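# Structural overview for review
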Amino acid sequence: MTGPTETPLAHRITHRHIEVFRAVMTAGSATGAADLLHSSQPTVSRELARLESLLGYALFERIQGRLRANARALALWDEVQRSWQGLERVVDRAVALGRPDAVQLAVLCLPALAHALLPGAAARLMQGQPHARLSVTPQDSPLLEEWMSAQRFDLGLCEQTAAPPGTRAEVLLTLDEVAVLPASHALARQPVLQLADFANQPFVSLSADDPYRRIIDARFAEAAVPRTLRMETHSAAAVCAMVEHGLGLAIVNPLTALTAAANGRLVVRRLALSIPFSVAAVLPLYRPPLPEVAPMLEALRAEAAEVARRLEAVA
């Protein structure tokens, strides 16, 4: 038991002592250790003797001026090696963080935006910054807003324009919902669809708790247009896949619709009424911004402009 003013043994053994021990074990001699440490042989011998004195036992046998590690030294060497490997990993990570490909931009987005808008924006980013790295986490509301408020991600993409607490929002695009129908459908010949065109048609809906589903249902109810509601799903991409297979018509967001129509088996048509659809970038206010955030925002703006242009070209 140490006295009230005596320094505990663990505090008297310094990193320098362990460094000297490691150098001796690596080089096999005090002279070789001195070369590794850019020191002198007498200094190494003195530090090593001090370590043994503090421990209260010898680590090396001195035989004809040579050092031979004993069993305790070998056991300590195993522990030192493990600790040094951990330190080397820390050093390697510290060095890697200075490379342009070491930092990963953490993006949180709605699942629909992980399929549409974000892939095109990521491709634009990679063209200008080939070493950029992205981590994309799809998540629905309200967890998306909660996680952004908690400052867990560098950038978020959502469909609401109001900024969650602790964030700021930038609206990237505001378009209208669109109709999707099989390319072979008779209504595909019309450039713009009225609600009346959906009368008694089989219809694929978003899930009942989806806010766009509630708006769409309300518009049809106001217009007194009956539909045959055959299927529903929470995913706009799944809605488009079902429409593609002839299971009905649907109204979805333009991003998912344009992506799904790329194979030619599905067509996109404008609606005669407006059901606004917005996408906003959400940025945390208290998370230190990475340099990659600004170019990612530029890529998102450019991709949003391209989507608006493509929608304008829809027949």
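The rules behind each value
Residues numbered from 1 in each chain as written. Predicted model: local features only at pLDDT ≥ 70, side-chain atom pairs only at ≥ 80, totals over all residues. Heavy atoms only, no water. Helix = DSSP H or I, 4+ residues; strand = E, 2+ residues; numbered from the N terminus. Buried < 20%, exposed > 50% of the residue type's maximum accessible area, 1.4 Å probe, protein only. Patch = residues over 30% accessible without salt bridge, like charges linked within 9 Å, V, L, I, M, F, W, Y side chains within 5 Å. Areas by Shrake-Rupley, 256 points an atom, 1.4 Å probe, with all protein chains shown as cover. Salt bridge = Lys/Arg side-chain N within 4 Å of Asp/Glu carboxyl O. Polar contact = N/O pair within 3.5 Å; in protein donor to acceptor, adjacent residues only side chain to side chain. Contact = heavy atoms within 4.5 Å. 1 Å grid on protein atoms, 1.4 Å probe; cavity = no way out; pocket = protein on both sides within 12 Å on 5 of 7 lines; lining within 4 Å. Points joined across faces, edges and corners; volume = space filled by probe spheres on them. Nonpolar A, V, L, I, M, F, W, Y, C, P; charged D, E, K, R; others polar. Pairing = 2+ DSSP bridges. Axes fitted to C-alpha atoms, helices over the stretch in contact; angles between N-to-C directions. pLDDT = per-residue confidence, 0-100.

As a further point, take unusual backbone geometry. Here the residue pair Ser141 and Pro142 is connected by a cis peptide bond, since its omega of 5 degrees sits within 30 degrees of zero. Within the element layout of this structure, Pro142 appears in the loop between strand E4 (133-138) and helix H8 (143-149). The backbone phi angle of Gln151 is positive, close to 65 degrees, even though this residue is not glycine. Topologically, Gln151 is positioned in the loop between H8 and strand E5 (155-158). Judged by its relative accessible area of 14%, Gln151 falls in the buried class. The phi angle at Ala224 is positive, at roughly 55 degrees, despite the residue not being glycine. Locating Ala224 in the fold gives a position in the loop between helix H9 (211-222) and strand E10 (228-233).

The next subject is a nonpolar patch on the surface. Side chains of Leu87, Val90 and Val91 sit close together on the surface and give an oily, nonpolar patch of about 240 Å² of accessible area. Note on placement: Val90 falls in helix H5 (residues 71-96). Take Val90: its relative accessible area is 54%, and that puts it in the exposed class.

Relative to the helices and strands, Gln201 is located in the loop between strand E8 (192-193) and strand E9 (202-206). Polar side-chain contacts of Gln201 include one of 3.4 Å to the side chain of His185. Ignoring sequence-local partners within four residues, the contact set of Gln201 consists of His185, Leu187, Arg227, Thr228 and Leu249.

All right, on to empty space enclosed by the protein then. Counted under the stated rule, the structure contains 1 cavity of 30 Å³ or more. Of the pockets and cavities examined, the largest cavity occupies roughly 30 Å³. With 4 residues, the single largest contributor to the lining of the largest cavity is E9. Of the residues assigned to the lining of the largest cavity, the class counts are 5 nonpolar, 1 polar and 3 charged.

Turning to the sheet that holds E5, a few remarks are in order. Taken in spatial order, the 5 strands line up as E4-E3-E5-E13-E6 in an open sheet, and their pairing is mixed. Since the sheet does not close on itself, it has two edges, and those belong to E4 and strand E6 (167-176), each with one partner. Neighbouring strand axes in the sheet, compared pairwise and without regard to direction, differ in orientation by 20 degrees on average. As judged from the 3 bridges shared by strand E3 (residues 104-109) and E5, these two strands associate in the parallel manner. Directly across from Cys109, in E5, lies its bridge partner Leu157. In this fold helix H7 (residues 118-128) packs onto E3, E4 and E5, with an angle of close to 170 degrees to the strand it touches most, E4.

Attention now moves to helix H10 (residues 236-244). Buried residues of H10: Ala236, Val239, Cys240, Met242, Val243 and Glu244, and no others. The elements touched by buried residues of H10 are strand E7 (178-182), E9, E10, strand E11 (250-252), helix H11 (254-260) and strand E12 (266-271). Between the side-chain oxygen of the N-cap and the backbone nitrogen of Ala237 there are 3.3 Å, and the N-cap of H10 in question is Ser235. Looking at the residues trailing H10, positive phi occurs at Gly246, about 80 degrees.

The next subject is the confidence of the model for the protein. Should pLDDT be low for a region, the predicted coordinates there are not to be read in detail. For the protein, per-residue confidence averages 89 on the pLDDT scale, and residues scoring 70 or more make up 92% of the total. For the protein, helix H1 (residues 9-12) is the element with the lowest average pLDDT, namely 65, and E11 is the one with the highest, namely 97. Taken together, the stretch residues 1-5 has pLDDT below 50 and engages in 0 contacts with residues farther than four places along the chain or on a different chain.

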